Amino acid sequence: MAEETVADVKKKSMSIIVTKGSLDWAYPPFILATTAAALDFDVTLFFTFYGLALVKKKLDPKFTVLGNAAMEMPMFGTHIAMPNFMAMIPGVDAIAGSMMKKMIKDKGVASLDELREAAILSDVRMIACQMTVDLFEYKREDLIDEIELGGAATYFDIAANCHINLFI
Amino acid sequence: MAEHMLDAKGLNCPLPILKAKKMLAGLEPGDVLIIEATDPGSVADFAAFCSQTGNELLESTQEGDVFKFKIKKV
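Remember, it's a predicted structure, so these values are computed and weren't measured experimentally.

**A look at the interface of chain B and chain A**
Consideration 1: Listed as interface residues are 11 residues of chain B and, on the opposing side, 11 residues of chain A.
Consideration 2: Going through the elements one at a time, α1 (15-25) and α2 (42-53) of chain B are the ones with two or more residues in the side of chain B that touches chain A.
Consideration 3: The leading source of residues in the side of chain B that touches chain A is α1 of chain B, at four residues.
Consideration 4: For the side of chain B that touches chain A, the per-class residue count stands at six nonpolar, four polar and one charged.

In structure tokens, the structure reads:
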């Protein structure tokens, strides 16, 4: 039998279903997608439900302490827990969101815009779930030009051939 | 065989990897990319990057707080 060549070896591939669109949850899919692309993976992101906020032309994810029961912020040389009731106080989410953004910037962590741009430049395929686009009344022109529209069957057609499939 | 420098100091995961990938794309096979980074995670990450992409990690060293990697493009 002929020796196996590089072309015979199936290219590594990964898909991620992206269901969340808040500032903190926006990072994992874009970090994983850009890194996998840098490691020569074919990458597909499938955005559905609140994940659709991450493919709007204007990327401005919000942040809430609500539901982040284990969240601690580094403050005053220690870690301060953010109890859920804090989210009831007007302005707390906005302040916590700004603190998070400042922390991200000060620590040399990439901005989301930067990561999304890197994903686009490295040919990460992005698909928006048609059903949830319609459900939440997004218009095609609200979303970035690179986005494709597709449904669950489209996702499985891709995922069935992927080495790694994640849900975030 | 040219040597190229990438200053990734102060950048965090995954930026050193993304910038290295971008620079390597513009180099000729056999060229060497020298990367300086301060992210301690980059030590494991550049080893993994090379193992996945087939590029050769010639050197991985540390001087003070700076990690230095030499990668030869395949």
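**Some words on the packing of helix α1 (residues 23-38) of chain A against α1 of chain B**
Consideration 1: At their nearest, the axes of α1 of chain A and α1 of chain B sit 9 Å apart, and the two run at 35° to each other. Once α1 of chain A is placed against α1 of chain B, the crossing between them reads as left-handed. Every residue of α1 of chain B that contacts α1 of chain A at Thr34, Thr35 and Ala38 of chain A is listed here: Ile17, Leu18 and Lys21 of chain B.
Consideration 2: When the residues that make up the contact of α1 of chain A with α1 of chain B are grouped by side-chain class, the tally is three nonpolar, two polar and one charged.

**Describing the pairing of strand β2 (residues 42-47) of chain A**
Residue and element names in this part refer to chain A.
Consideration 1: The buried count for β2 comes to five of six residues, which makes it a mostly enclosed element.
Consideration 2: By the bridge criterion, six bridges tie strand β1 (residues 13-18) to β2 in an arrangement that is parallel. Bridge pairing in β2 places Ser15 opposite Thr44.
Consideration 3: Bridging between β2 and strand β5 (residues 125-129) involves four bridges; their strand directions are parallel. Note on β5: the bridge partner recorded for Phe46 is Ile127.

**A closer look at the packing of α1 of chain A against helix α3 (residues 112-121) of chain A**
Residue and element names in this part refer to chain A.
Consideration 1: Packing of α1 against α3 brings their axes to within 9 Å, and their N-to-C directions diverge by 35°. In terms of crossing hand, the pair formed by α1 and α3 is left-handed. The segment α1 lies against α3, with Ala26, Phe30, Ile31, Ala33, Thr34 and Ala37 engaging Leu112, Leu115, Arg116, Ala118 and Ala119.
Consideration 2: In the contact of α1 with α3, the residues fall into nine nonpolar, one polar and one charged.

**Some remarks on the nonpolar core**
Residue and element names in this part refer to chain A.
Consideration 1: In this structure, Ala33, Leu45, Phe47 and Ala128 are the most contacted members of the largest nonpolar core, which totals 50 residues.
Consideration 2: With eight residues, α1 is the single largest residue contributor to this core.
Consideration 3: Discounting residues that sit within four places of it in the chain, Ala33 has contacts with Ile16, Val43, Leu45, Ala119 and Val124.

**A word on the pairing of strand β4 (residues 66-72) of chain B**
Residue and element names in this part refer to chain B.
Consideration 1: Along β4, the buried face is formed by Phe67, Phe69 and Ile71; none of Val66, Lys68, Lys70 and Lys72, which line the opposite face, is buried.
Consideration 2: Pairing of strand β2 (residues 32-37) with β4 involves six bridges; the strand directions are antiparallel. Within β4, the residue paired with Ile35 across the bridge is Phe69.
Consideration 3: Judged from the seven bridges that link them, strand β3 (residues 56-63) and β4 form a sheet pairing that is antiparallel. When the sheet's bridge partners are listed, Ser60 is paired in β4 with Phe69.
Consideration 4: Counted along the chain from β3 to the antiparallel partner β4, the turn is two residues long, and its residue Gly64 has a positive phi close to 65°.

**Overview of the environment of Met73 of chain A**
All names here are of chain A.
Consideration 1: The residue Met73 is located in strand β3 (residues 72-75) in this model.
Consideration 2: What makes Met73 partly exposed here is the crowd of 15 C-beta atoms within 10 Å.
Consideration 3: Here the alpha-carbon distance between Met73 and Met99, two residues 26 residues apart in the chain, equals 8.8 Å.

**Quick look at α3 of chain A**
Consideration 1: Listed in full, the buried residues belonging to α3 of chain A are Leu115, Arg116, Ala118 and Ala119 of chain A. The buried residues of α3 of chain A all sit within an arc of 160° when viewed along its axis, so they share a single face.
Consideration 2: As for α3 of chain A, its buried residues are in contact with α1 of chain A together with α1 of chain B.

**Considerations on the sheet that holds strand β1 (residues 3-8) of chain B**
Residue and element names in this part refer to chain B.
Consideration 1: The strand order across the open sheet formed by four strands is β1-β2-β4-β3, and the pairing between neighbours is mixed. Bordering the open sheet on either side are β1 and β3, each of which pairs with just one other strand. Each adjacent strand pair in this sheet contributes to an overall mean axis angle of 15°, direction not counted.
Consideration 2: Seen against the sheet, α1 touches β1 and β2 and runs at an angle of roughly 155° to β1.
Consideration 3: The strands touched by α2 within the sheet are β2, β3 and β4, with β3 carrying the most contacts at an inclination of about 175°.

Criteria and thresholds
Residues numbered from 1 in each chain as written. Chains lettered and ligands numbered in written order. Predicted model: local features only at pLDDT ≥ 70, side-chain atom pairs only at ≥ 80, totals over all residues. Contact = placed C-beta atoms within 7 Å. Helix = DSSP H or I, 4+ residues; strand = E, 2+ residues; numbered from the N terminus. Nonpolar A, V, L, I, M, F, W, Y, C, P; charged D, E, K, R; others polar. Axes fitted to C-alpha atoms, helices over the stretch in contact; angles between N-to-C directions. Left-handed = near helix turned anticlockwise from the far one by under 90°. Buried ≥ 20, exposed ≤ 12 C-beta atoms within 10 Å, placed from the backbone. Pairing = 2+ DSSP bridges. Core = buried A, V, L, I, M, F, W, Y, C linked by C-beta atoms within 7 Å. Arc of directions from axis to C-beta.

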